[in-house]
Amino acid sequence: MSAETRSASEKADFKRELTEVVPHLRAFARGLCGRPDMADDLVQETLLKAWAAQERFEPGTSMRAWTFVILRNAYLTDMRRNRFRGDYDETVAERILTAPAGQEEPIHLSDMHRALLTLPPERREALLLVGAGGFSYEEAAQICGCAVGTIKSRVGRARSTLNDMLAEGNIPQRSIGDETAHRAILEELDDVAAGNGETAKID
Amino acid sequence: MASGKETSPTDAAAQNTKNAKAADQPQWADGLKQLYDSVVEEPLPDSFKDLLSQLDAADADDANQNGNG
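Calculation notes
Residues numbered from 1 in each chain as written. Chains lettered and ligands numbered in written order. Predicted model: local features only at pLDDT ≥ 70, side-chain atom pairs only at ≥ 80, totals over all residues. Helix = DSSP H or I, 4+ residues; strand = E, 2+ residues; numbered from the N terminus. Buried ≥ 20, exposed ≤ 12 C-beta atoms within 10 Å, placed from the backbone. Contact = placed C-beta atoms within 7 Å. Domains from an automatic or database assignment. Nonpolar A, V, L, I, M, F, W, Y, C, P; charged D, E, K, R; others polar. Axes fitted to C-alpha atoms, helices over the stretch in contact; angles between N-to-C directions. Parallel < 35°, antiparallel > 145°, perpendicular 65-115°, else oblique. Left-handed = near helix turned anticlockwise from the far one by under 90°.

Go over the overall build of chain B, please, and point to the residues and values.
When its secondary structure is counted, chain B shows three helices and zero strands. Taken from N to C terminus, the helices and strands of chain B fall in the order α-α-α. Out of the 69 residues in chain B, the part that is buried amounts to 9%.

Break down the environment of A:F14 for me, with residues and values.
Residues and elements named next belong to chain A. Note on placement: F14 falls in helix α1 (residues 8–33). Overall, the presence of 20 C-beta atoms within 10 Å leaves F14 in the buried class. In this structure, the C-alpha to C-alpha distance between F14 and A65, residues 51 residues apart in sequence, is 14 Å. Excluding its chain neighbours within four sequence positions, the residues that come into contact with F14 are Q54 and F57.

Pulling in residues and values, what's your account of the domain arrangement of chain A?
All names here are of chain A. Domain annotation of chain A identifies domain 1 (8–80) and domain 2 (96–177). Across the boundary between the two partners, domain 1 contributes nine residues, which contact eleven residues of domain 2. Elements with a minimum of two residues in the side of domain 1 that touches domain 2: α1 and α3 (63–80). Looking at the side of domain 1 that touches domain 2, the element that brings in the most residues is α3, giving five residues. Of the residues contributing to the side of domain 1 that touches domain 2, the split by class is six nonpolar, two polar and one charged.

Talk me through the packing of α1(A) against helix α2 (residues 29–40) of chain B; I want residue IDs and the actual numbers.
One way to put it is that α1(A) packs onto α2(B) with a least axis distance of 8 Å and a crossing angle of 130 degrees. Between α1(A) and α2(B), the crossing angle belongs to the class labelled oblique. For the element pair α1(A) and α2(B), the recorded crossing hand is right-handed. Together, A:P23, A:H24, A:R26, A:A27, A:R30 and A:G31 of α1(A) and B:L35, B:Y36, B:V39 and B:V40 of α2(B) make up the contact between the two elements.

Can you break down the environment of A:L18 residue by residue, with the values?
With respect to the helices and strands, A:L18 occurs in helix α1. Remark: the alpha-carbon pair of A:L18 and A:G133, spanning 115 residues in sequence, is separated by 17 Å. Aside from chain neighbours lying at most four places away, what touches A:L18 is A:L47, A:A50, A:M63 and B:L52.

Could you give an account of helix α4 (residues 109–117) of chain A, naming the residues involved and the relevant values?
For α4(A), a buried count of seven out of nine residues is recorded, marking the element as mostly surrounded by other parts of the structure. Within the sequence span of α4(A), burial applies to A:D111, A:M112, A:H113, A:R114, A:A115, A:L116 and A:L117.

Go over the interface of chain A and chain B, please, and point to the residues and values.
Think of interface size as the accessible area that goes away when the parts come together; that is how it is often given. Opposite the 31 residues of chain A that make contact, chain B presents 22 residues. Elements that contribute at least two residues to the side of chain A that touches chain B include exactly α1, α2 (36–52), β1 (96–98), α4, α5 (121–132) and α7 (148–168) of chain A.

Here it is as structure tokens:
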């Protein structure tokens, strides 16, 4: 039932493209959930789902975008089960990113990561897709199954929050898994489940 | 210190467009990309290739069973 209508070469192409995209899946997952072990679990789960759904992949389209949809859906499902708390990864290198003029302490890569993990998940993913993954607003909107304007506004809010945190050096030690944030996530999940997440239906 | 690169006129034009786009980017914006790229560039654990090979082998088994049945 799985992939038998596809030719052997199409299957080989699929496997090759899927293999090539794994480092990107790891990077996206790491940004979403912070802990490397959890991120890699999420990537494994994504690969299994992508493999099972390979009939639905249109050859010639972006494997990265297609698998990112699967990964984020798996992530949202796991979030719902409260598996991820957005824990900060202590192993991120203390690499200096930039030293803003007139600021005594330079910004480190670890500060960046910690600040990123304090963002609400939907803003974090929007910023990751556009600011780190290099997707256009349109592509990011397709991946998240929402309007382009929604992505723009999420990226804008995420940027301004990070800007405040990084410019002020005011970064919380841990991400905030508070009740309000959690409820907001669940509401959004319900939106997606209700079919507003048009392209986000691979599961 | 990263401004010492020589660019051809066409490169410079492209660069100007980029700069115009990047003008409203905060200083840390590049850090996001670095964070992402640092993971992309990590060596890939064997577990991922192993998983894909297993899936591939399982598919081949299925096909054989159905074909020879």
